[in-house]
Structures are given as C-alpha cells and as structure tokens.
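Breakdown of the fold
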Amino acid sequence: MAESLKKRGFGEGREDDGTARFDPGRVLARLVEAASASHARAVAFLAVCAVLFFLPGLFHIPPIDRDEARFAQATKQMVETGDFVDIRFQNEVRYKKPVGIYWLQAAAVQTASALGLPNAHIRIWVYRLPSLAGAIGAVLLVYWAAAAFVTRRGAVLAGLLMCASLLLGAEARLAKTDAALLFTVVAAMGALARVYLVWQRGEDPPRRPWVLPFVFWTALAGGILLKGPLILMFVALTVGMLAVLDRSVAWLWRLRPLAGVAWMLLLVLPWFVAILLKSGDTFLADSVGGDMLSKIASGQESHGAPPGLYFLLFWVTFWPGAPLAGRAAPAVWRARREPATQFLLAWLVPSWIVFELVVTKLPHYVLPLYPAIAILIVMVLEGRALSQAAWLRRGASWWFVLPLLFAVGAIVGVMALTLQPTFLAWPFFAAALVFGLFAWWLFDEAEAERSTLCGIAASLCLSVALYGVVMPKLAPLFPSVEVARALRSVECVGPRSAAAGFHEPSLVFMTGTSTLLTDGPSAADFLRPGGCRFALIESRQERAFALRAEAIGLRYDILRRVEGYNFSQGRAISIAIFHTVGTR
C-alpha cells in the first residue's frame, strides 16, 4: 500500500495548539514507541500484553458446555486409558476432529501431574493451557507476519489489535482447537506472505532459503492434525486468487513443494494410518461426512444461519479493531492491486465468502481471517488514509457503546441470576467506559493511533471485568460444579452416579467417565444395589424416577438439590441428588 498511501510520522498527533488536555492515548503511544525500539522489546511487550488479556478467568471459569467439556473429557479418557490414538467420549467415538488438540491437552495434564499438581485431570484450566499458549503464540506471529507489510511499530499495533479482539479473548480461555489453529494459520500465511512479497519485489531468496518453507509446511501439518483440511482451504484460496491476479505461481517453487509435501505427510500420516487401522471407515465417515460435509449442506446442531451473519458479528467479535475497519476499507480498495494489499485481500476475501455461504455458522470459524484485517487496518493507519466520510466517522462511538452494553448486560444478568451486585467488576467496567469515551472523543485522522490504543485499553478492562470477575460468579450457569462438589463431600469411597434429564458433557467431566447418562427409571435401577451410588435426577425426570423406585421397592433419601440454568438448552433446571437409605 506504500505507493498509494502518503507516509507521515506514524503515531504523531496534531501540532500542539497550546490547549492542554488529559490524553491517556499519548501515554499509551509512548509505551508502544518504547516497545518498538527492538524486536526483542516488541516480542516481550506483546507477550506480557497477551498474558494480561488472556489470563483473567482462565483458572476460575468452570467447564463450558458443550464443546469445551467434550474436548476435555475425551482428553481425560486418553490419559486414563493410555490410548493416544482413539478419541472417545465415554463409549462413543469422537472422530469429528483429528487428534492434535487432544495430544496437546494430554501433554499439559501429564506435565501438571508430574509437577505434583493434585487432581490435574479434573482441573479444566490445565486443559486450557494449549489454547492459552496458542493465543499468545498467534499474537506474536501476527507481529512477525505484519512486519513484512508495515513498520515495527505498526506490527506491534497489529499484534495488539489481535490481542484485544473479543473473539480471540474467548477462544484463549476455551479448551478447544481454535486458538491453536489460529497459531498454525498465521505461521503458514506469514511464511507464504514473505515468500510472495520477496518474489514480487524481484529479490533473491533469503540466505537461509529453507527456513520459511520449513515453517510453512510444519504449520500446515500442525493445522491438519488440529482441524483437518481447513488450513489447506485458507492457503489454497489465497494462492488461487493470487494466481488469477498475477497469472503466475512461479513463486511457489521457493517453498520447496516436493520436499515440503513429503515432510508434511511424514508428520500427519502416522496418526491417520493408525486411526484408520483402528476404526476402519468410521473415522472418515464421521469426520468428513458427519462433520465437514454436513456443515456445508445444513445447519449442524441448530447453528444454521443465512449469509451475512459473519459480517454482522464482526463488529462485536473484532472489537476494538472493528470501528477502524469501515474507515480503512476505501483506502484498501484503492490499493487493492498493490502486492501487499493484494496478498492480504487474497487471504481474507475468498475464505470469508466461503464461510458466509456455508450453512453452519459459528463465530470462531472466521478467526483465522482476522490477522489479515488487523494488518490492513494498520497499513491504512500508517498511511494516514482513513476515510473522512461522516457516516463512517460516527462508527468511533462504538468504542464507548459496546462496553456500555456489556457493562449493563453483565450487571443486570448477575443480579438476575445470583441476586448479588458483584461490585468488584464495577471499577473495571467504569475504566472500560472511560477509555472507550477517550477513544471516541480523541478520534480523528491525526490521533487515530491514540484512539485505537485507548480502545485496546478499554478491551483489557472489559476482559478483566467479564472473565475475571463476572463469569466465575455465575454459579447457576455451571450446575455440574455444584453436583461434583456434593459428590466429593460424601463419606463413602468411590462414588458412582447416574444422571437423568441433565446430560451435559461438563457433568461427565466433573463427576467421572463412568457416569451413566440415562432416564429416570433406569437411574432408579442403577441406585437399587445400594453402596456408594447416587442418582442425579433433573426435576422433569423425578416423577418417572419415583414411580420406578416405588415399583422396585427402592428406599432413597435426597442428599442435596442443585438449582441452576442450562444455557445450552435455555431453561432453568433443578437437580436432586438421591442415594439409598443409609448411604453417606
């Protein structure tokens, strides 16, 4: 974008007019300037920022239904059985995703156990560590990738925009594949970008020509082991669009494709061969037919939505970077045929269109495209080329409005669920509103970077309030935790349980792999032998349980009743924990 954007001092505000005013953006800009003095400082600064953004709540938020708990439980069973090839949730195979994330989580659990952490296998935060590492690594790789397009200061800002993204903040705290996948995608696309831009400039390959191909093909292998061929789609669509625009793919030979493909297959084939030998065609039927193709044709698990949903969600999930995207779009369009912009648009546009057309839609699907948007925004900021259209300028108010909506919604929601005001979160919400107000108030072309930094600070305060304070207080949303706590308090050894009416994966993770998911009558039959057995009966199954208990002459007492809310099904629940008379 260098040819079409006029370069001026990035981060420099308007000339001092003699009017003093408090400007937190100025302080933040000086901090970024100091961090940009060297690559080592920049990496250390971004790593610290990522920890500050992603750590609040990581240790205290209970398992989230349903995907996180499913991943964690399948990993727990790997550790329990010692079988690191097969993937199961209780007795059911779980072949929707390859084995990569399960290996990473299992390594985290076994390492924590070896270091002496008690009960590491039931601590959900241990399973989240690979996602935390993936998110931090992705932020650092965005800096590395952006450095091929913008100045070091701009690369730091691109890393901060990703770090502050609400979507990445959520994924960093979930024991799922998406943060780790983002790490591999940014590594692959960063290597691809550097090879492409060197070729466009007519320069010779670097002195160590194997480094970028090694990063690229290793990242592809990691992405395939994490989420199958999805990473190949990002690369293929990018290369395909560039091939159409440039009418050449000669630059791809610099990636050493023959040796690279061999290396990639060496990394991924052993597990795929092992699982095919173990499962026959079940793995392919579940992963390709049952998961990937069904998402294209229909809304899987009630997640279907029309095209355009990702565009609407973007203004929330990429906040605080989203308010800048609209004002950067005209300049990006003008520079669309310049090599740097062309590459980033090839990374972004084709894959975005595919995701909008696919029927099944979940917010995290487009996360690997956000780094391209962050770098494009910074390129426009560096060139001082933001659009001055009045209707786009009004979007700066979103820096203040979104924290306001979150603050009001969170405070009202906590009061409704727990009848407690959660005062500890209020100062952080207030700080988010103040920074958001400064971002809105200061925003113009001369001070866009400072406004952006204020928006990033607002995002940090919002993360602390939501994840560090509010969510751990929402006990009614996590009834599995209370049920497991009740079972751990019993005097008998090795409690076993059967659940009727509440079958969320978090319950299995918290109470044990042997937990039987059944109905009310079968739960009564389970309880009949006595001993250290417990029936977890949701209120809608209590009548059926009681009728069967009466029919078989079962005498039982209630240990405890847990009131909560099943957000996966959107309804209030009440779980009674029954045991045979005399069991404690």
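Right, let's walk through the structure included here. Quick caveat, the model's predicted, so the values are computed rather than measured.

At a minimum axis distance of 9 Å, the contact between helix α13 (residues 309-317) and helix α15 (residues 339-357) shows a crossing angle of 115°. Between α13 and α15, the interaxial angle falls into the category roughly perpendicular. Only W352, F355 and E356 of α15 make contact with α13, whose side of the interface consists of L309, Y310, F311 and F314. The residue inventory of the contact of α13 with α15, partitioned by class, reads six nonpolar, no polar and one charged.

Looking now at the sheet that holds strand β6 (residues 556-566). Taken in spatial order, the five strands make up an open sheet running β4-β3-β5-β7-β6, and their pairing is mixed. Two strands lie at the open edges of the sheet, namely β4 (516-518) and β6, each paired on one side alone. The sheet shows a mean angle of 20° between the axes of neighbouring strands, direction not considered. Across three bridges, strand β3 (residues 496-500) lies against β4 in parallel orientation. Directly across from A498, in β4, lies its bridge partner L516. Along the sheet, helix α21 (residues 479-488) makes contact with β3, β5 (533-538), β6 and β7 (571-580), crossing β6 at roughly 160°. Packed on one face of the sheet, helix α24 (residues 539-552) meets β3, β5, β6 and β7 and runs near 130° to β5.

Take the nonpolar core next. Within the largest apolar cluster, 151 residues are counted, with the highest numbers of intra-cluster contacts made by F54, F149, F343 and Y370. For this core, the element with the highest residue contribution is helix α8 (residues 178-200), accounting for 15 residues. Aside from chain neighbours lying at most four places away, what touches F343 is F149, M189, L192, A193, Y196, T238 and L242.

Tallied over the entire structure, the rule returns 30 aromatic pairs. Taking 5.2 Å as the distance between ring centres and 75° as the angle between the ring planes, the aromatic pair formed by W399 and F443 counts as edge-to-face. Taken as a pair, W399 in helix α18 (residues 398-418) and F443 in the loop between α19 (426-442) and α20 (448-473) lie far apart in primary sequence, 44 residues in all. The pair formed by W399 and F443 is uniform in burial state, with each residue classed as buried.

What counts as what
- Residues numbered from 1 in each chain as written.
- Predicted model: local features only at pLDDT ≥ 70, side-chain atom pairs only at ≥ 80, totals over all residues.
- Heavy atoms only, no water.
- Axes fitted to C-alpha atoms, helices over the stretch in contact; angles between N-to-C directions.
- Helix = DSSP H or I, 4+ residues; strand = E, 2+ residues; numbered from the N terminus.
- Parallel < 35°, antiparallel > 145°, perpendicular 65-115°, else oblique.
- Contact = heavy atoms within 4.5 Å.
- Nonpolar A, V, L, I, M, F, W, Y, C, P; charged D, E, K, R; others polar.
- Pairing = 2+ DSSP bridges.
- Core = buried A, V, L, I, M, F, W, Y, C linked by side-chain atoms within 4.5 Å.
- Buried < 20%, exposed > 50% of the residue type's maximum accessible area, 1.4 Å probe, protein only.
- Phe/Tyr/Trp six-rings, centres within 6.5 Å; stacked < 30°, edge-to-face > 60°.

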